[in-house]
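Below, each chain spelled out in residue letters.
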Amino acid sequence: MGIPNTPAVHIKGLRKVYVVSQQESGARAVLQGLVRRRTIEVPAVDGISFDLAPGEIVGFLGPNGAGKTTTLKMLAGLLHPTAGEVKVLGYIPWKRDKTFLRQITLVMGQRNQLIWDIPAIHSFELNRAIYRIPSGIYRSTLGELTELLELEPLLNKPVRNLSLGERMKCEIAAGLLHRPGMVFLDEPTIGLDVTMQRRIRSFIAEYNHRFGATVLLTSHYMADVEALCRRVVVIHHGKLLFDGDLSSLVQKFTDHKTIVVQLGDCQADLTEYGEVVSCVDGLVTLRVPRSETAQVTERLLADLPVIDLLVEDPPIEEVIERVFAQEKP
Amino acid sequence: MKALVELYAQQFKTTMAAMFQYRASLLIWMIGQVLEPLVYLIVWSAVSNSAGGSVGSYTTRDFAGYFVVLMLVNQFSYTWIMYEFEYRIREGLLSFALLKPVHPIHSDIADNVSSKLLTLPAMLLIAIALAVAFQASISPQHWAVLVFIPVLLMAFIVRFLLEWTLALAAFWITRVSAINQTYFVLMLFLSGQIAPLTLLPYPVQILADLLPFRWIIGFPVELLLGKLSPVDALIGLGAQAAWLLIGFVLLRIVWKAGTKVYSAVGA
């Protein structure tokens, strides 16, 4: 997997501009459109740069339409960048070199590659032939994936008869049979229930651990990101908003902390201490400026009959929401 | 090479598994493949009988032979790729295909050949039954039978290359059915599917000579019926070779341009 110390992914000033044809309403505009289409340029990815070290799991975050999938497609070689540098495992992705393609995978939660009407095992076998996986390695990889993802009862059922979660597990297995060193996951847990999400999450961690694979993951579920990624890259409107530790993301974008105080009831008025977010059965949640946290905590403990007190960062969802609410960093 | 053989073998198993799932639709599809030439056979037999037993150089029994052989040649060279490409692009299946370290045409060839092999025995039985029932006259020379095999193979390859290339129109056009429709109408008239080409007006025959359709269907059929001279057969093989080359070059150019467009606009 490449030379040590060279990044698994290197992108610099990456841009992708889509040319989209505009259709206007009105008969005259429609007739004009037949002859000459009006087009506009939409920058989906607008000059982003980051590197991924080999073996890293990084969360790639952004609201819908931020340019995440476009970036992933450029990294996997499906899209040709408009400008900028891209290198993945030392290859230029869009050239789609066969040795490059053998080392990567792109799993998309909303797209299926398994053949719909026949059992998944046939798609697996076909991938074995396509990726030229030696049969010994194929058997052991399939064995491991079957065990980790509990695929045993699913392999011989037609794909169309599988539930969404079962199908997703098979999709992931199909994408990893050739043991790619670079894994792109686009919303792998979308639409899945909490148990299935957790299972897939722990599988991704295990795969990364076992094979030393580099993983770039997009997800709208912050639980995925919190569980898997120490580092996150956040983009919005095609631009990089943040690149760093998840914890420093919280510090950078929130100037508040949350203090949860357990009191006997909800009688006391706590507005003088901070913004009361909620009070349920005496459990009060307060939002206070980060700099005043220590002082407010001290006062709360001195002034009130506190049974329990907890100081925490606001939930990651809230942080992300704040990040997305900003136009520019 | 070994890897490619293995890929084809695996695709064969997959196709078989899939066909087993679609038994009913497979049967209906086969009925369609038989019905179309059968309708022409009956129409032309009627025409021939009312015209005193022959039309041009074709007797009633020649017509029977012509359409029975045509049924087999068509079955052998038929592809369904033009119906599939638009769907593949729309559903993102093409993206997965492009991420694989093998050109997607291999899966299509393997899939096509596999399903042909699987339906061939049934089609042969039907052809024999029809030939007997309509007292078909098929009397090829020995050399023609030998030459028929490479000619049939060439017909398949040429048709496959052309239709695969045409299917790539889906890279540029969202709804390709208009193109498909035009192609199939041309195919119907100029390949000899609706009537033996020698019965059509002279200008149409010239046009048919210049286009690929005749070399895909009419030529192999006439060869096996024993209607061609060795010189005709050589000319036909030459035309097939030329179209194979053209098809191959076109496919490469269009594929390259198409994937470039695809990677510019995404899917």
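A quick note: this is a predicted structure, and the numbers were derived from the prediction, not measured. (Residues numbered from 1 in each chain as written. Chains lettered and ligands numbered in written order. Predicted model: local features only at pLDDT ≥ 70, side-chain atom pairs only at ≥ 80, totals over all residues.)

Caption draft 1: How the structure looks around the sheet that holds strand S4 (residues 83-88) of chain A. Residue and element names in this part refer to chain A. The 3 strands are arranged S2-S1-S4 in an open sheet whose pairing can be described as antiparallel. Each having just a single partner strand, strand S2 (38-52) and S4 make up the two edges of the open sheet. Sheet twist, expressed as the average angle between the axes of neighbouring strands with direction ignored, equals 30°. Where strand S1 (residues 9-22) and S4 come together, 5 bridges link them in antiparallel fashion. Opposite Arg-15, over in S4, you have Ala-83 as the bridge partner. Sheet strands in contact with helix H2 (residues 68-76) are S1, S2 and S4, and its direction is about 120° off that of S1. (Pairing = 2+ DSSP bridges. Helix = DSSP H or I, 4+ residues; strand = E, 2+ residues; numbered from the N terminus. Axes fitted to C-alpha atoms, helices over the stretch in contact; angles between N-to-C directions. Contact = placed C-beta atoms within 7 Å.)

Caption draft 2: Representation of the interface of chain A and chain B in the model. The interface is formed by 26 residues belonging to chain A together with 21 residues belonging to chain B. The set of elements that each furnish at least two residues to the side of chain A that touches chain B consists of H2, helix H3 (98-101) and helix H4 (120-130) of chain A. A per-class count over the side of chain A that touches chain B returns 14 nonpolar, 4 polar and 8 charged. (Nonpolar A, V, L, I, M, F, W, Y, C, P; charged D, E, K, R; others polar.)

Caption draft 3: Spatial organisation of the pairing of strand S6 (residues 182-186) of chain A. Residues and elements named next belong to chain A. Extensive coverage of S6 is indicated by the burial of 5 of its 5 residues. Residues Met-182, Phe-184 and Asp-186 line one face of S6 and the alternating positions Val-183 and Leu-185 line the opposite face, and both faces are buried. As paired strands, strand S5 (residues 104-108) and S6 are joined by 5 bridges and run parallel to one another. By the bridge assignment, Val-107 is partnered in S6 with Leu-185. Bridge analysis of S6 against strand S7 (residues 214-218) gives 5 bridges, and the strand direction is parallel. Residue pairing in the sheet places Leu-185 in a bridge with Leu-217 of S7. With respect to chirality, the unit in which S6 leads through helix H7 (residues 194-211) into the neighbouring parallel S7 is right-handed. (Buried ≥ 20, exposed ≤ 12 C-beta atoms within 10 Å, placed from the backbone. Right-handed = clockwise from strand over helix to strand, strands pointing away.)

Caption draft 4: Inspection of the packing of helix H9 (residues 246-253) of chain A against helix H11 (residues 316-325) of chain A at higher detail. Residues and elements named next belong to chain A. Contact geometry for H9 and H11: axes closest at 10 Å, N-to-C directions at 60°. Comparing their axes, H11 and H9 come out oblique. The two elements H9 and H11 meet at a crossing, and its hand is left-handed. Of the residues in H11, those touching H9 at Leu-249, Val-250 and Phe-253 are Val-319, Arg-322 and Val-323. A class-by-class count of the residues in the contact of H9 with H11 yields 5 nonpolar, no polar and 1 charged. (Parallel < 35°, antiparallel > 145°, perpendicular 65-115°, else oblique. Left-handed = near helix turned anticlockwise from the far one by under 90°.)

Caption draft 5: The sheet that holds strand S9 (residues 239-245) of chain A, seen in detail. All names here are of chain A. As summarised here, the arrangement of the 6 strands in space is S5-S6-S7-S3-S8-S9, forming an open sheet in which the pairing is mixed. Of all strands in the sheet, those bounded by a partner on one side alone are S5 and S9. Looking at each pair of strands side by side, their axes are set apart by 15° on average, direction ignored. Across the sheet, H9 is in contact with strand S8 (231-236) and S9; its angle to S9 comes to roughly 120°.

Caption draft 6: View of the confidence of the model for chain B. Residues and elements named next belong to chain B. Chain-level statistics for chain B give a pLDDT mean of 92 and a share of 99% at 70 or above. The element-level mean pLDDT for chain B is lowest in helix H4 (residues 81-90), coming to 87, with helix H10 (residues 213-216) highest at 97. As a predicted assembly, this complex carries a pTM of 0.86 together with an ipTM value of 0.86. (pLDDT = per-residue confidence, 0-100.)

Caption draft 7: Up close: unusual backbone geometry. Residue and element names in this part refer to chain A. Unusually for a residue other than glycine, Arg-132 sits at a positive phi of about 50°. Structurally, Arg-132 is set in the loop between H4 and helix H5 (135-149). For Glu-150, which is not glycine, the phi dihedral falls at a positive 55°. One can find Glu-150 in the loop between H5 and helix H6 (164-176).

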